Amino acid sequence: MKIKLLLLISIIALSGCKKDIPKIEKNSKFVKVWFDTVRSYPFSAKLIINKNKTFEYRGGACTSSFGAKGIWRIENDTIILNSIKPKECMYKIDFGLICEKPSGDDYKTIKGCDPKSEDTYENFENEKFYFRNDTLIHKNDKNDKIANCPKLKIAFSDKEKVRKH
């Protein structure tokens with residue numbers, strides 16, 4: 001009888017324990033498709049924030065394209081994106097305003113490789129965005145790596161803007 005009672009108490013005690021299961025941000029204001037608002041035609045980009053804590057960024061202009069896939073997390077009112085490095089040889093740039101043409105092995109996903117196309121991998125490294133009104137705004141790094149960049153803020157809207165040719 002004592003064994004059954006101990007077993008019953010153990011089951012009740014253990015069933016009250018909560019496991020740290022990562023919750024999916026089902027109703028997050030960040031989860032949706034975001035469209036670039038800053039750069040002009042023919043450039044276009046979209047940022048897709050998924051419920052399962054992954055994201056995809058893709059875009060291009062004319063015949064070139066760029067993109068990234070990765071994971072995200074939320075801290076306070078900020079979403080933080082980190083891309084996952086692709087295994088294939090590609091040109092690589094850090095996410096942000098592109099003000100100069102990257103060159104050399106530091107701008108390739110694999111040092112010494114020869115990319116087969118002009119497609120570019122965008123490296124998101126703790127890229128922070130905050131939400132204001134209906135806009136997702138990039139928190140620019142104070143230590144900008146690229147000089148001569150215009151003082152634009154990267155921003156995304158949940159509505160795609162109509163681009164005039």
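Small disclaimer: the values here were computed from a predicted structure and weren't measured. (Residues numbered from 1 in each chain as written. Predicted model: local features only at pLDDT ≥ 70, side-chain atom pairs only at ≥ 80, totals over all residues. Heavy atoms only, no water.)

What is the right way to look at the pairing of strand 2 (residues 44-49) in this model?
Side-chain positions along a regular strand alternate between the two faces of the sheet. In terms of strand pairing, strand 1 (residues 33-36) meets strand 2 through 3 bridges, oriented antiparallel. Within the sheet, the bridge partner assigned to V33 lies in strand 2 and is I48. Both strand 2 and strand 3 (residues 54-61) contribute to a ladder of 6 bridges, which runs antiparallel. Bridge pairing links L47 to Y57 in strand 3. Counting the residues in the hairpin turn of strand 2 and strand 3 gives 4 residues, including K53, whose phi is positive at 70 degrees. (Pairing = 2+ DSSP bridges. Helix = DSSP H or I, 4+ residues; strand = E, 2+ residues; numbered from the N terminus.)

I keep staring at the packing of aromatic side chains and nothing clicks. Help me out?
Aromatic ring pairs: the centre-centre distance and the angle between the two ring planes describe each pair. For the structure on display, the rule yields 10 aromatic pairs. Ring geometry for Y57 and F66: centres 5.5 Å apart, planes at 35 degrees, overall tilted. The exposure class assigned to Y57 is buried, which follows from its relative accessible area of 3%. Residue classification places F66 among the buried residues on the basis of a relative accessible area of 12%. A centroid spacing of 5.9 Å and a plane angle of 55 degrees characterise the contact between F95 and F129, whose relative ring orientation is tilted. In this pair, F95 sits in the loop between strand 6 (91-94) and strand 7 (120-123) while F129 sits in strand 8 (residues 127-132), placing the two residues 34 residues apart along the sequence. Judged on exposure class, the residue F95 and its partner F129 are both buried. An aromatic cluster is present here, built from F55, Y57, F66, F95, F124, F129 and F156 joined pairwise through their rings. (Phe/Tyr/Trp six-rings, centres within 6.5 Å; stacked < 30°, edge-to-face > 60°. Buried < 20%, exposed > 50% of the residue type's maximum accessible area, 1.4 Å probe, protein only.)

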